[in-house]
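Each chain, letter by letter, is given below.
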Amino acid sequence: MNASPASSGAAPIRVFLLDDHELVRRGLQDLLSSEPDMTVVGEAADARQALARAPALRPDVAVLDVRLGSTADGADQDGISVCRDLRVALPDLVCLMLTSFDDDEALFDAIMAGAAGYVLKQIRGSDLVTAIRTVAAGKSMLDPGATARVLARVRGPADHTGTTGSPELARLSPREREILDLIGEGLTNRQIAERLYLAEKTVKNRISAILTKLKVGRRIQAAVIAERVREREESEGIPRAAERGTRGTHGPGGTGPRTHRHPPAPDRQDLP
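All residue numbers refer to positions counted from 1 along the written sequence of the respective chain. It should be noted that, the model being predicted, local features are given only for residues of pLDDT at least 70 and side-chain atom pairs only at 80 or more, the latter also being counted only at that level, while totals for whole chains, interfaces and linings use all residues. Side-chain measures here rest on the full set of heavy atoms in the structure, leaving out hydrogens and waters.

Asker: Could you clarify how one ought to interpret the packing of helix 8 (residues 174-184) against helix 9 (residues 189-196) in this entry?
Answerer: Packed helices, taken two at a time, are described by the angle their axes make and the gap between the axes. Contact geometry for helix 8 and helix 9: axes closest at 10 Å, N-to-C directions at 130°. Relative to helix 9, the element helix 8 is oriented oblique. When you trace helix 8 past helix 9, the crossing you get is right-handed. Each of R175, E178, I179, L182 and I183 in helix 8 lies in contact with helix 9, whose residues at this interface are I192, R195 and L196. Broken down by class, the residue content of the contact of helix 8 with helix 9 amounts to five nonpolar, no polar and three charged. Angular values range over 0 to 180 degrees, each being the angle between N-to-C directions of two axes fitted as lines to C-alpha atoms, with helices fitted over their stretch in contact. Starting at the N terminus, helices and strands are each numbered in turn, a helix being any DSSP run of H or I of at least four residues and a strand any DSSP run of E of at least two. Throughout, the term roughly parallel applies to angles under 35 degrees, roughly antiparallel to angles over 145, roughly perpendicular to angles from 65 to 115, and oblique to all others. Whether a crossing is left-handed or right-handed is set by the direction in which the near helix is turned from the far one by less than a right angle, anticlockwise for left-handed and clockwise for right-handed. What makes two residues a contact is simply this: any of their non-hydrogen atoms within 4.5 Å. All residues other than Ala, Val, Leu, Ile, Met, Phe, Trp, Tyr, Cys, Pro, Asp, Glu, Lys and Arg, Gly among them, are scored as polar; the first ten of these are nonpolar and the last four charged.

Next comes the structure, spelled out in structure tokens:
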């Protein structure tokens, strides 16, 4: 059995809670406080409190309710916006979204806000604890089915005014565009390295640079952007970067058959 962080001498996972129901917050605090490798460092009942308290407490993981009640003045608020704002203030923070509804639209928005996971409130307590440990370790709680649904959400009419035309995309080098295409196909770092005849460490470093240039924090976000680019380029008859380069070769500069598209792999397999 693997030792928990507490038993191995590591600092406990610092958790921050956001939920507009006091009973839910109390239940989560009791559950997590009973774990030797976790400590709840703070909580909030609304977005304003969360954005004011969390940066000073510097948690490792924020467990955020997706749907929050309206403020006293009637303004809508949601945990996804809090996720986005907290990750700007705390780039190393990992956000786990907690919701009562299996909503593809909210799942898509959560991923694009940089969330590392998305779980339903019907989850068992032990599974939630495992989920927090998983995202705290730098892995994703998005399964292949969730990833596929997100990309299906993207495969609508090409967005000519959004991400595909962003100046960040124009900053990518030709090699980075090739790698972005292959991320969109669901290839792992090792598969990309084999396809492009690069060292796996080089691919990992290139992906980190791509995420920085695209101003996103997770591989799945880059895959969504790659899918939008593919839709636009196919509609305009533009050859993809990976097709103009070494993709599908039997050697550098050679030619060979294209491989079949793979369903996008969740970013738990390859963390940049």
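Asker: For this particular structure, what's the right way to read unusual backbone geometry?
Answerer: What you tend to see is this: most non-glycine residues have negative phi, and most peptide bonds are trans. One non-glycine residue with positive phi stands out, namely R58, at about 50°. For R58, the location among the structural elements is in the loop between helix 2 (47-57) and strand 3 (61-65). We note that Y197 has phi near 55°; this positive angle belongs to a residue other than glycine. Within the secondary structure, Y197 sits in the loop between helix 9 and helix 10 (200-214).

Asker: So what exactly am I meant to see when it comes to the pairing of strand 1 (residues 13-18) here?
Answerer: Taken residue by residue, a regular strand's side chains alternate between the two faces of the sheet. Extensive coverage of strand 1 is indicated by the burial of five of its six residues. When DSSP finds at least two bridges between two strands, those strands are taken to pair. Here strand 1 pairs with strand 2 (residues 38-44) via six bridges, running parallel. Bridge pairing in strand 2 places V15 opposite V40. Here the term right-handed applies to a crossover when the path leading from its first strand over the helix to its second strand runs clockwise, the strands being oriented away from the viewer. Read as a crossover between parallel neighbours, the route from strand 1 over helix 1 (residues 22-33) to strand 2 is right-handed. As defined by bridge partners, strand 1 adjoins strand 3 across four bridges and the pair is classed as parallel. If you follow L18 over to strand 3, its bridge partner there is L64. We call a residue buried when its accessible area falls under 20% of the maximum for its residue type, exposed when it is over 50%, and partly exposed in between, using a 1.4 Å probe and counting protein chains only.

Asker: Can you walk me through the sheet that holds strand 2 in this structure?
Answerer: Neighbouring strands of a sheet are bound in pairs by backbone hydrogen bonds; such pairs are parallel or else antiparallel. The parallel open sheet is built from five strands, whose spatial order is 2-1-3-6-7. Pairing within the sheet leaves two strands with one partner each, and these edge strands are strand 2 and strand 7 (117-120). Neighbour-to-neighbour, the strand axes of the sheet open up by a mean angle of 25°, direction not taken into account. For strand 6 (residues 94-99) and strand 7, the ladder comprises four bridges, and the chain directions are parallel. If you follow L96 over to strand 7, its bridge partner there is G117.

Asker: In this structure, what is going on with helix 9? I would like to understand it.
Answerer: The periodicity of an α-helix, 3.6 residues per turn, causes residues three or four positions apart to be oriented the same way. Taken together, the buried positions of helix 9 are occupied by N189, I192, A193, R195 and L196. The buried side chains of helix 9 occupy one side of the element, clustering within an arc of 165° when seen end-on. Of the exposed residues in helix 9, those oriented more than 90 degrees away from the buried face are R190 and E194. Backbone geometry just after helix 9 places Y197 at a positive phi near 55°. Note that the arc is defined by the directions from the helix axis to the C-beta atoms.

Asker: Just checking my understanding: could you explain the pattern of salt bridges for this structure?
Answerer: Oppositely charged side chains can form a pair if their charged atoms are brought close together. Definition used for salt bridges: Asp or Glu carboxyl oxygen within 4 Å of a side-chain nitrogen of Lys or Arg. Counted under the stated rule, the structure contains ten salt bridges. Put simply, K121 and D19 hold a salt bridge, and the shortest N to O gap is 3.0 Å. Of the two residues, K121 sits in the loop between strand 7 and helix 5 (125-136) while D19 sits in the loop between strand 1 and helix 1, which places them 102 residues apart along the sequence. Judged by its relative accessible area of 1%, D19 is buried. A salt bridge links D65 to K121; the shortest N-O distance between them is 3.5 Å. Here the residue D65 occupies a position in strand 3, and K121 occupies one in the loop between strand 7 and helix 5, the gap between them amounting to 56 residues. A network of salt bridges, in which partner residues are shared, links D19, D65 and K121.

Asker: Is there a simple way to explain helix 1 in this structure?
Answerer: Taking 1.5 Å as the rise per residue, helix 1 with twelve residues should run 16 Å; its terminal C-alpha atoms sit 16 Å apart, in good agreement. Among the residues making up helix 1, those that are buried are R25, L28 and L32. One side of helix 1 holds all its buried residues, which, seen down the axis, span an arc of 65°. Set apart from the buried face of helix 1 by more than 90 degrees, the exposed residues are L23, R26 and D30. Its buried side turned inward, helix 1 meets strand 1, strand 2, strand 6 and helix 5. Helix span, expected: 1.5 Å multiplied by one less than the number of residues in the helix.

Everything listed is a geometric property; what it means functionally is a separate question.
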